[in-house]
Amino acid sequence: ETGFNEIIDCFNKMTAELAGTETLRTDFVANVSHELKTPLAVMGNYATMLQRPGLTEEERCEYAKAISEAARRLAQLITNILKLNKLENQQIFPQMDEYDLGEQLCENLLQFEDVWEKKNLTIETDIEDDVRIRSDAELLSLVWNNLISNAVKFTPEGGTIGVTLKTEGNLVTVTVSDTGCGIKPEVGQHIFEKFYQGDTSHATQGNGLGLALVKRVIDILGGEIGVQSVYGQGSTFTVRFRR
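Residues numbered from 1 in each chain as written. Predicted model: local features only at pLDDT ≥ 70, side-chain atom pairs only at ≥ 80, totals over all residues. Heavy atoms only, no water.

## Here's the deal with the pattern of salt bridges
Basically, it comes down to this: Salt-bridge detection follows one rule: a side-chain nitrogen of Lys or Arg within 4 Å of a carboxyl oxygen of Asp or Glu. Strands here are runs of E lasting at least two residues and helices are runs of H or I lasting at least four, both read from the DSSP assignment and numbered beginning at the N terminus. Only protein chains enter the accessibility calculation, which uses a 1.4 Å probe; a residue whose area is less than 20% of its type maximum is buried, one above 50% is exposed, and one in between is partly exposed.
On inspection of all chains with the given rule, the structure shows four salt bridges. Arg60 is paired through a salt bridge with Glu57; the nearest N and O atoms lie 2.6 Å apart. Linking Arg60 with Glu57, this pair stays in helix α3 (residues 57-88), spanning three residues, or about one helical turn. The class for Arg60 is partly exposed, based on a relative accessible area of 39%. For Glu98, the salt bridge identified is with Arg132, shortest N-O distance 2.8 Å. Residue Glu98 is located in strand β1 (residues 97-100), and its partner Arg132 is located in strand β3 (residues 132-135); the two are separated by 34 residues in the primary sequence. By relative accessible area, which is 48% here, Glu98 ends up partly exposed.

This is the structure in structure tokens:
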């Protein structure tokens, strides 16, 4: 019940914050509506199934878990819509502080330890020591979480994920690579656009907003991001910015 109350609060916030902003173009409304429908349909279907008489304890737990997971995705989608809207309308201003970037990358990577262990992934890191930068730690954390999350998600069992951090003078370069499904060239051109999903087989795991958020954050912090990919072999995302 708490989860549903949070979703209602999120909806109310989203409606209030999005009302009257430029973001509410027809295509954006259509896309948001489409994205919201999927988890809502899942929740509705499983809630109906939960009402059937004679369910086993195992079935009841399975259906409740599916509802809980759909609710989590819905809340995440709304959070991302709000963040992206604030970033696009320049309502979020970077809070610049000095901190250790290598430490942050390692912390973000460790958040996915359970998932990579379950998929038996090899993690290769080459992170330069004592790289201190002056930037917005919270915003950059969004970037690393999205890139690492995608790498873990799209890499099959037994694959490899790499994270590197290098400096050259005043320039900092971070790469996140994987041996996953790769990106088709025609998809790569649109990969940082809102709601664009090149691989619809993974649509239930994301909402097409992650890389749009990443791109906006990098733009705001004065950096650049690019992707190199071979379809069927893997991808490498490269982020560059000045200290």
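## Here's the deal with the environment of Asp129
Inspection of the secondary structure assignment puts Asp129 in the loop between β2 (122-127) and β3. Distance in space between the C-alpha atoms of Asp129 and Leu101 is 9.0 Å, their sequence separation being 28 residues.

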